[in-house]
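# Coordinate inspection notes
The primary structure of each chain is shown beneath.
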Amino acid sequence: MRIIQSEEISAAVAALCVRANRQLPPDVVRAMERAAQEEPWSLAKDTLKVLCDNRTAALEHCLPVCQDTGMACVFAQVGQDVHIEGDFSAAVDEGVRRGYEAGFLRKSVVADPLRRGNTGDNTPAALTVELVPGDRLRLTVVPKGFGSENMSALKMLKPSDGVQGVKDFVLSTVKAAGSNPCPPIVVGLGLGGTFDKAALLAKHALLRPLDLPNPDPYYAALERELLEEINALGIGPQGFGGRTTALAVKIETMPTHVAGLPAAVNISCHVTRRASIEL
Amino acid sequence: MEVKLTSPVDKKDLASLRAGDRVLLSGPVYTARDAAHKRLTELIAQGKTLPFSLPGSVIYYVGPTPEAPGQIIGSAGPTTSGRMDAYSPTLLDLGQPVMIGKGNRSREVVDAIVRNGAVYLAAMGGAGALMGACVKSVELLCWEDLGCEAVRRLEVEDMPLTVAIDSRGGNLYESGPAAYLESVR
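Basis of the calculations
- Residue positions are counted from 1 within each chain, in the order its sequence is given.
- Written order determines the labels here, with chains lettered from A and ligands numbered from 1.
- Local features in a predicted model are, by the rule used here, given only for residues with pLDDT of at least 70; side-chain atom pairs are given and counted only at 80 or more, and totals for whole chains, interfaces and linings are based on all residues.
- Runs of E in the DSSP output that reach at least two residues are strands. Runs of H or I that reach at least four are helices, and both are numbered from the N terminus.
- As a reference, a globule follows 2.2 Å times the number of residues to the power 0.38, and the radius of gyration itself is taken over C-alpha atoms.
- With C-beta atoms placed from the backbone, the exposure class of a residue follows from how many other C-beta atoms lie within 10 Å of its own: 20 or more, buried; 12 or fewer, exposed; in between, partly exposed.
- The angle between two axes is taken between their N-to-C directions and runs from 0 to 180 degrees, where each axis is a line fitted to C-alpha atoms and a helix contributes only its stretch in contact.
- Working definition: roughly parallel below 35 degrees, roughly antiparallel above 145 degrees, roughly perpendicular at 65 to 115 degrees, and oblique for all remaining angles.
- What makes a crossing left-handed is the near helix being turned counterclockwise from the far one by less than a right angle; a clockwise turn instead makes it right-handed.
- Distance between backbone-placed C-beta atoms decides contact: two residues are in contact if it is within 7 Å.
- In this classification, the charged set is Asp, Glu, Lys and Arg, the nonpolar set is Ala, Val, Leu, Ile, Met, Phe, Trp, Tyr, Cys and Pro, and all remaining amino acids, among them Gly, are polar.
- Under the convention used throughout, the expected extent of a helix is 1.5 Å for every residue step, that is, one less than its residue count.
- We call two strands paired when DSSP finds no fewer than two bridges between them.

### A short note on the overall build of chain A
For chain A, the helix and strand inventory stands at eight helices and 10 strands. Taking 19 Å as the expected radius of gyration for a compact globule of 279 residues, we find that chain A reaches 19 Å, a close match to that expectation. Per-residue burial over chain A gives 50% buried out of 279 residues.

Here it is, written out as structure tokens:
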């Protein structure tokens, strides 16, 4: 049994919140730079270059890449041989509180979905805990902006809808999102499980590095096909037209019921942020 | 085409702008998002005075990040304009001429833009770190309880914008993708 103090967790989460908001993951940087190089439409190419400049400006001036510093989605893989001293979820929230204050990040969380009221410190985190073998604790902070989150959708498809039904749903969701989620976007697609699991799979798909395809060749091919079809829609960067509507499509799946084909599309923007640490 | 625009805005200066034109805006700009728009339209319904005068004003849909010591403003890119669609026609009909945000607008807003000779300008979504550089001063105007959604008066210089919807209803979110698709057909 390994003991991890809650203070250690708070400090780690705080640092991850700041890092994730100022510094994009290397795979996202590579995808944006490649898109800027390969985009054939000149207005779109210029737009992508400005977005690349924005990333370097953020790094240089210690500014958040985007002013929507998001709701802090925190994914914790807790080794089953770890004992956490203190209240784990309170420790994560304390980390978010500190990180958003110290990093001059925007506090964008309201206390109640209908009655609103800013909580003032960006808490609570949207925490997902997974119990895994071992004695390590892996924390990933994903600040999720709502320009793109608002454009996400879930549909309980019929098994007979099949792969074409899934494609139609993804394409209609991206089309309806249009210019709103700050394209170029990243599309997380969750297939299978139950209503709730499909949504979580879609969010998990956004954690995968953009240049890492699904390990199953069938789904890797589907990721490529969907990306190609999305980039034939013409929406383009900012919705002003062009090829680069999406940087990547990532699919996560799990077994499901004989009667079902749950499909969830979680859209992320070109500022797809994540930062991890293992304690 | 690149055009210099100064606020407070004279609607006469907006008539020649066309969707796709680039604009460099200088002068005062008021920040307001959903919560502030709700309060503005409530004040209008009650016949009360607004925190700033609508005619000639520029409204920017932004909730900036807090400024670090030595900075004027933090990251300050646009938020999705569609959430303001329910409120914008009321403001436009009272003479409010220029909105800045990102993303397409509803039919009702486009109609109100044309009816009033207004324009909708797009700022670069997700380029908040760059946008902050054209902000020369920030003053908290009202509704501090809204946090990042409070109304602020920004003084901007050469803020880079694109005409997304012009006063004749020309719409870059429709014409831009259509032109690209035509080019690859």
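### Focus: the overall build of chain B
Scanning chain B from terminus to terminus reveals five helices and seven strands. Along chain B, helices and strands appear, N-terminal first, in the series β-β-α-β-α-β-α-β-α-β-β-α. Relative to its full complement of 185 residues, chain B shows a buried share of 50%.

### Considering the packing of helix α1 (residues 6–22) of chain A against helix α4 (residues 88–102) of chain A
Axes are the key here: two packed helices are described by the angle between their axes and the distance separating the axes. Residue and element names in this part refer to chain A. Across the interface, α1 lies against α4 with an axial gap of 7 Å and an inter-helix angle of 40°. Accordingly, the angle class assigned to the pair α1 and α4 is oblique. Judged by the twist between their axes, the crossing of α1 over α4 is right-handed. Of α4, the residues touching α1 (which contributes Ser6, Ile9, Ser10, Ala11, Ala12, Val13, Ala14, Ala15, Cys17 and Val18) are Phe88, Ala91, Val92, Glu94, Gly95, Val96, Arg98, Gly99, Tyr100 and Ala102. Its residues placed into classes, the contact of α1 with α4 shows 14 nonpolar, four polar and two charged.

### Let's talk about helix α1 (residues 34–45) of chain B
All names here are of chain B. End to end, α1 covers 16 Å across 12 residues, agreeing with the expected 16 Å (1.5 Å per residue, within 8%). Listed as buried for α1 are Ala35, Ala36, His37 and Leu40. Buried residues along α1 sit in contact with α2 (88–93) and β7 (151–165). One or two positions beyond α1, positive phi appears at Gly47, with a value near 70°.

### Thoughts on the interface of chain A and chain B
Each partner contributes to the interface: chain A provides 39 residues, whereas chain B provides 37 residues. Per-element accounting of the side of chain A that touches chain B gives the leading share, six residues, to helix α3 (residues 42–60) of chain A. Of the residues contributing to the side of chain A that touches chain B, the split by class is 17 nonpolar, 18 polar and four charged.

### Description of the packing of helix α6 (residues 162–177) of chain A against helix α8 (residues 217–230) of chain A
Residues and elements named next belong to chain A. One way to put it is that α6 packs onto α8 with a least axis distance of 10 Å and a crossing angle of 40°. It follows from the interaxial angle that α6 and α8 lie oblique. Considering the relative orientation of α6 and α8, their crossing is right-handed. Note on element contacts: α8 touches α6 through Leu222, Leu226, Glu229 and Ile230, opposite Val163, Lys167, Val170, Leu171 and Val174. Across the contact of α6 with α8, the residue classes tally to seven nonpolar, no polar and two charged.

### Concerning unusual backbone geometry
Following Thr123 of chain A, the chain continues to Pro124 of chain A via a peptide bond in cis, the omega torsion being 0°. Inspection of the secondary structure puts Pro124 of chain A in the loop between α4 and β4 (126–132). In the segment running from Ser7 of chain B into Pro8 of chain B, the intervening peptide bond is cis, with an omega of -5°. With respect to the helices and strands, Pro8 of chain B occurs in the loop between β1 (2–6) and β2 (22–31). Notably, Phe104 of chain A is not glycine yet its phi reads approximately 55°, a positive angle.

### Considerations on the sheet that holds strand β8 (residues 246–256) of chain A
Two orientations exist for strands paired in a sheet by backbone hydrogen bonds: parallel and antiparallel. Residue and element names in this part refer to chain A. Taken in spatial order, the four strands line up as β6-β9-β7-β8 in an open sheet, and their pairing is mixed. At either end of the open sheet lies a strand with only one pairing partner, and these are β6 (153–157) and β8. Averaged over all neighbouring strand pairs, the angle between strand axes comes to 15°, with direction disregarded. Across six bridges, the pairing between strand β7 (residues 185–193) and strand β9 (residues 261–268) is antiparallel. Looking at β9, one finds that Leu191 is bridged to Ala263. The sheet strands contacting α8 are β7 and β8, and the helix crosses β8 at an angle near 140°.

### Quick notes on the pairing of β9 of chain A
Counted residue by residue, β9 of chain A has eight buried out of eight residues, so it is predominantly covered. Along β9 of chain A, one buried face is formed by Leu261, Ala263, Val265 and Ile267 of chain A and the opposite face, lined by Pro262, Ala264, Asn266 and Ser268 of chain A, is buried too.

### Some remarks on α4 of chain A
Residues and elements named next belong to chain A. Taking 1.5 Å of rise per residue, the 15 residues of α4 would be expected to cover 21 Å, and the 21 Å separating its terminal C-alpha atoms lies within 8% of that figure. For α4, the full list of buried residues reads Ala91, Val92, Asp93, Glu94, Gly95, Val96, Arg97, Gly99 and Tyr100. Taken together, the buried residues of α4 touch α1, β2 (71–79) and β4. Two residues or fewer after α4 comes Phe104, characterised by a positive phi angle close to 55°.

### With respect to the sheet that holds strand β5 (residues 137–144) of chain A
All names here are of chain A. Here four strands make up an open sheet; going across it, the order is β4-β2-β5-β10 and the pairing mixed. Of all strands in the sheet, those with a lone pairing partner are β4 and β10 (275–278), marking the two edges. Between one strand axis and the next, the sheet turns by 15° as a mean value, whatever way the strands run. Bridging between β2 and β4 involves seven bridges; their strand directions are parallel. The partner of Gln77 across the bridge, within β4, is Glu130.

Interpretation in functional terms is not warranted from these geometric data alone.
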